[in-house]
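Structure at a glance
Take a look at the letters that make up each chain.
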Amino acid sequence: MPKFSIITPVFNRPNEVFELLESLTKQNFKDFEVIIVEDGSSQKCEEVCSQFKDSLNVKYFFKENTGQGFSRNFAFEKAQGDYFIQLDSDVLVPEQYFDEINKSLAQYTWDAFGGPDAAHSSFSPIQKAINYAMTSVFTTGGIRGKKTNMGGQFTPRSFNFGLSRKVWEKVGGYKITRMGEDIEFSKRIIEAGFKVGLIPEAFIFHKRRTSLRQFFNQLHFFGRARINIARFYPEQLKLVHFFPAAFTLFLLACVLSFFIYPPIAFVGLTFFAIYCSLLFFDALRVYDFNIKIATLSLLACLVQLVGYGIGFLSELPKGLEHKKTRTI
């Protein structure tokens, strides 16, 4: 039996699956299987998987569309490894990835664990910009990949999330299939008393979205998902999660104040300009003074905050009305 079972649900992304599998052929550690679950896609990746049958222990399954959480449950039932490693389809895996996991498991004996994400040097400028928005300390992305999340214990996310077979046997799989399903799953694992931690060296390269429109749609969904998680775990709704909503309302107030009392608008836009300058120059530092990427990073940060804020605000009334309602 393999030590690790890599589990990846996919929906209409054959090109991403090819790049993921190609990166897995370059791993230093080879004792793993790959389980690809096609979640009712019209653009299937079965032929892509077959191209790697001689270089990887890859298993392909097609099922009706039920969402990514329940597709992972399907894969858990099929997996033969001692540990289940959940990876999104839009990631590239560095060759030392499993070496770092094995090293950390030997030292800390984690029951469940996660790793951070980063941008690969080959990524497009817009992908690097989106990565900046999702990891910067000047946006809500800065809380990802930390040993603790806003004063609490680290909660692995599904783009890079490992758990032992004994965790799955005791806790079960996903109870919700979308809208923050990985956070809810992580919290149940922690509440069951298992040892959960971050492996900083076990990072993956996360391609994310390839346009600002796609990024906006994704963050809009994330904003809604945060309210859904609060229905199960109210303590998971932190002050920082209100920041995008407050930022969105602030921008709206600046626009409206132009028609009511322009001096207030001037003050508001001054603060907005200072914040944008902070984002731009920090991105400029991160990406070796590349003005194009820094400019795109600024735009990506604004898209992140407004997209998340609108999604958060749109779902908030439902969350207040149905605090314990489970959204599937």
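Attention now moves to the packing of helix α5 (residues 125–135) against helix α8 (residues 212–232). At a closest axis distance of 11 Å, the pairing of α5 and α8 adopts a crossing angle of 25°. The angle between the axes of α5 and α8 places the two elements in the roughly parallel class. Two packed elements cross with a definite hand, and for α5 against α8 that hand is right-handed. Residue-level contacts link Ile126, Ile130, Ala133 and Met134 of α5 to Leu212, Phe215, Leu219 and Phe222 of α8. Class assignment of the residues belonging to the contact of α5 with α8 gives a composition of 8 nonpolar, no polar and no charged.

Here the focus is the environment of Lys175. In this structure, Lys175 sits in the loop between α6 (165–171) and α7 (181–191). Distance in space between the C-alpha atoms of Lys175 and Ile229 is 12 Å, their sequence separation being 54 residues.

What follows covers the environment of His220. In this fold, His220 is placed in helix α8. Overall, the relative accessible area of 25% leaves His220 in the partly exposed class. As for His220 and Ile264, which are separated by 44 residues in sequence, their C-alpha atoms are 29 Å apart. With residues up to four places along the chain from it excluded, the contact list for His220 reads Gly307, Tyr308, Ile310, Gly311 and Ser314.

What follows is about the sheet that holds strand β12 (residues 204–206). The strand order β5-β12-β7 describes an open sheet built from 3 strands, whose pairing is mixed. One side of each edge strand has no neighbouring strand; the edge strands of this open sheet are β5 (91–92) and β7 (117–118). Relative to β12, β7 is paired through 2 bridges, and the arrangement is parallel. Looking at β12, one finds that Ala118 is bridged to Phe205.

Rules used in this analysis
Residues numbered from 1 in each chain as written. Predicted model: local features only at pLDDT ≥ 70, side-chain atom pairs only at ≥ 80, totals over all residues. Heavy atoms only, no water. Axes fitted to C-alpha atoms, helices over the stretch in contact; angles between N-to-C directions. Helix = DSSP H or I, 4+ residues; strand = E, 2+ residues; numbered from the N terminus. Parallel < 35°, antiparallel > 145°, perpendicular 65-115°, else oblique. Left-handed = near helix turned anticlockwise from the far one by under 90°. Contact = heavy atoms within 4.5 Å. Nonpolar A, V, L, I, M, F, W, Y, C, P; charged D, E, K, R; others polar. Buried < 20%, exposed > 50% of the residue type's maximum accessible area, 1.4 Å probe, protein only. Pairing = 2+ DSSP bridges.

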